[in-house]
Amino acid sequence: MLRPGRDGGVVLSVKGFSAAFDTRPQKGLGFVSHAHSDHVAAGRNVLATRETISLIRRVWQLSGGYKPIPYRQELRVSDSVSVKALNSGHVLGSAMFRLDIGGESLVYTGDINTVPTLTTNPAEPVDADVFVIETTYGHPDYVFPPRHETEAWILKWVSKTLAEGALPAFKAYSIGKSQELIKLFNTYTSLPVVVGKTVANASKTYVENGVKLDFIRSGTRDAAEVLGGGEAVYIDSQVRSVPVHRRVKWATVTGWAVKGRLEGFDAAFPLSSHADYRGLLNYVEENRPRKVYTIHGFSQLFAKTLRLRGFDASPFT
Ligand SMILES: [Zn+2]
């Protein structure tokens, strides 16, 4: 049986076994799929990947009773239950959890991305009877342009903004999107990248886990020098005042930008850490689960779309 958790997420109770996904476990095992704040749950016996645990500790300063689970290794938790973490392609450390309970299998995807990015590999295929899949962008209006096109568009905007004598600044999630932007500027430009404190903490964790990133933390002498000197890019998790004597133009990066410019920003780019409508559909069709529960975003509509394609699908929330 599946039911919503007290603070979001999903609770599974079956054959005397209980598991809480992205919500605080009342009993049994807990699972945290990735380090975004709306998915992090504390408690004893909470499993997450080593990378997710480091991000939770460094960025959110939570200690919690987390236990590391390596990717792709079957972990036996009782005579009849085993669990495996698979890459979900969303951010560093993001995992979906596949549980085998007495011969029946279920996968909880957490947030999922099915295309490669500059900092992550796409979600792995998974074979399971039951899927609990996120459907943030499960609406046909949300089909993202190819990533390299969006990247080129971002680079063009940066160079235009600098040519106007302004500082290009980005508001982006501190975990995931910010590092993808840093990597983009590191790869295709020689611009120094100055980042806010939370972004710097998350980026350090990426570096410790093998993702090479060059950035300067704001508030340091180096950052003041670079920002004062002219050409640079600024990235933060919030729009805030940047200590520069020039105009600052703010852009944001989010899948919602596929519908156009977002209020309060000079530009918005549809760079997302989630699968788009087509990505979600392909993922379900390729893995062919027996039953699908959809969660988050367009869960009702996407479940209906799946039913029309012959799947047994219901919205979970
Ligand atoms: Zn997320």
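This text gives an overview of the structure that appears in the document. (Residues numbered from 1 in each chain as written. Predicted model: local features only at pLDDT ≥ 70, side-chain atom pairs only at ≥ 80, totals over all residues. Heavy atoms only, no water.)

### Some remarks on the coordination of the zinc ion
Move 1: Around the zinc ion, the protein supplies His34 (NE2), His36 (ND1), His90 (NE2) and Asp111 (OD) as donor atoms, at distances of 2.2 to 2.3 Å.
Move 2: Classification of the site at the zinc ion rests on its four donor atoms, whose angles at the metal span 90 to 169°, yielding the label irregular.
Move 3: Within one chain, the residues donating to the zinc ion are spaced in sequence as H-x1-H-x53-H-x20-D. On the criterion of sequence distance, the pair formed by histidine 36 in the loop between strand S4 (29–31) and strand S5 (46–48) and aspartate 111 in the loop between strand S10 (104–108) and strand S11 (130–134) is long-range, its members being 75 residues apart.
Move 4: For aspartate 111, a relative accessible area of 5% gives the class buried. (Donors = N, O, S within 2.8 Å, 3.2 Å for Na, K, Ca; no water. Tetrahedral: all angles 85-135°; square planar, octahedral: opposite > 155°, others 65-115°. Helix = DSSP H or I, 4+ residues; strand = E, 2+ residues; numbered from the N terminus. Buried < 20%, exposed > 50% of the residue type's maximum accessible area, 1.4 Å probe, protein only.)

### Let's talk about the pattern of salt bridges
Move 1: Tallied over the full model, the rule gives 14 salt bridges.
Move 2: Residue glutamate 164 pairs with lysine 249 through a salt bridge whose shortest N-O separation is 3.0 Å. With glutamate 164 in the loop between helix H2 (147–163) and strand S12 (167–171) and lysine 249 in strand S16 (residues 248–253), the pair connects residues that are 85 residues apart, well separated along the chain.
Move 3: Note on glutamate 164: relative accessible area 45%, which makes it partly exposed.
Move 4: Residue lysine 249 is classed as buried on the basis of its relative accessible area, which comes to 11%.
Move 5: Beyond isolated ion pairs, a larger network of salt bridges with shared partners links Lys160, Glu164 and Lys249. (Salt bridge = Lys/Arg side-chain N within 4 Å of Asp/Glu carboxyl O.)

### A look at the packing of H2 against helix H3 (residues 177–188)
Each packed pair of helices is defined by two parameters, the angle between the axes and the distance between the axes.
Move 1: As a packed pair, H2 and H3 sit with axes 11 Å apart at the nearest point and diverge in direction by 70°. It follows that H2 is roughly perpendicular to H3 by the angle criterion. Contacts between H2 and H3 pair Arg147, Glu151, Ile154, Leu155 and Val158 from the former with Glu180, Leu181, Leu184, Phe185 and Tyr188 from the latter.
Move 2: When its residues are assigned to classes, the contact of H2 with H3 shows seven nonpolar, no polar and three charged. (Axes fitted to C-alpha atoms, helices over the stretch in contact; angles between N-to-C directions. Parallel < 35°, antiparallel > 145°, perpendicular 65-115°, else oblique. Contact = heavy atoms within 4.5 Å. Nonpolar A, V, L, I, M, F, W, Y, C, P; charged D, E, K, R; others polar.)

### With respect to helix H6 (residues 277–287)
Move 1: Buried within H6 we find Tyr277, Gly279, Leu280, Leu281, Tyr283, Val284 and Asn287.
Move 2: For H6, the secondary structure elements touched by its buried residues are strand S9 (95–101), S11, strand S18 (291–295) and helix H7 (299–308).
Move 3: Count one or two residues on from H6 and you reach arginine 288, which has phi positive near 40°.

### Comments concerning the packing of aromatic side chains
Move 1: For the structure shown, the criterion picks out 16 aromatic pairs.
Move 2: Seen in terms of ring centroids, tyrosine 137 and tyrosine 142 are 5.5 Å apart; in terms of plane orientation they differ by 40°. Their pairing is tilted.
Move 3: A relative accessible area of 8% places tyrosine 142 in the buried class.
Move 4: Ring plane angle 80° and centroid distance 5.1 Å describe the contact between tyrosine 137 and phenylalanine 144, whose orientation is recorded as edge-to-face. The pair tyrosine 137 / phenylalanine 144 is uniform in exposure class, with both members buried.
Move 5: Put simply, the rings of Tyr137, Tyr142, Phe144, Trp256 and Phe298 pair up and form one aromatic cluster.
Move 6: The lysine or arginine in question, lysine 291, covers the ring of tyrosine 293, its NZ or CZ lying 4.9 Å from the ring centre. (Phe/Tyr/Trp six-rings, centres within 6.5 Å; stacked < 30°, edge-to-face > 60°. Lys NZ or Arg CZ within 6 Å of the ring centre and 35° of its normal.)

So far we have only geometry, and geometry alone does not tell us how the molecule works.
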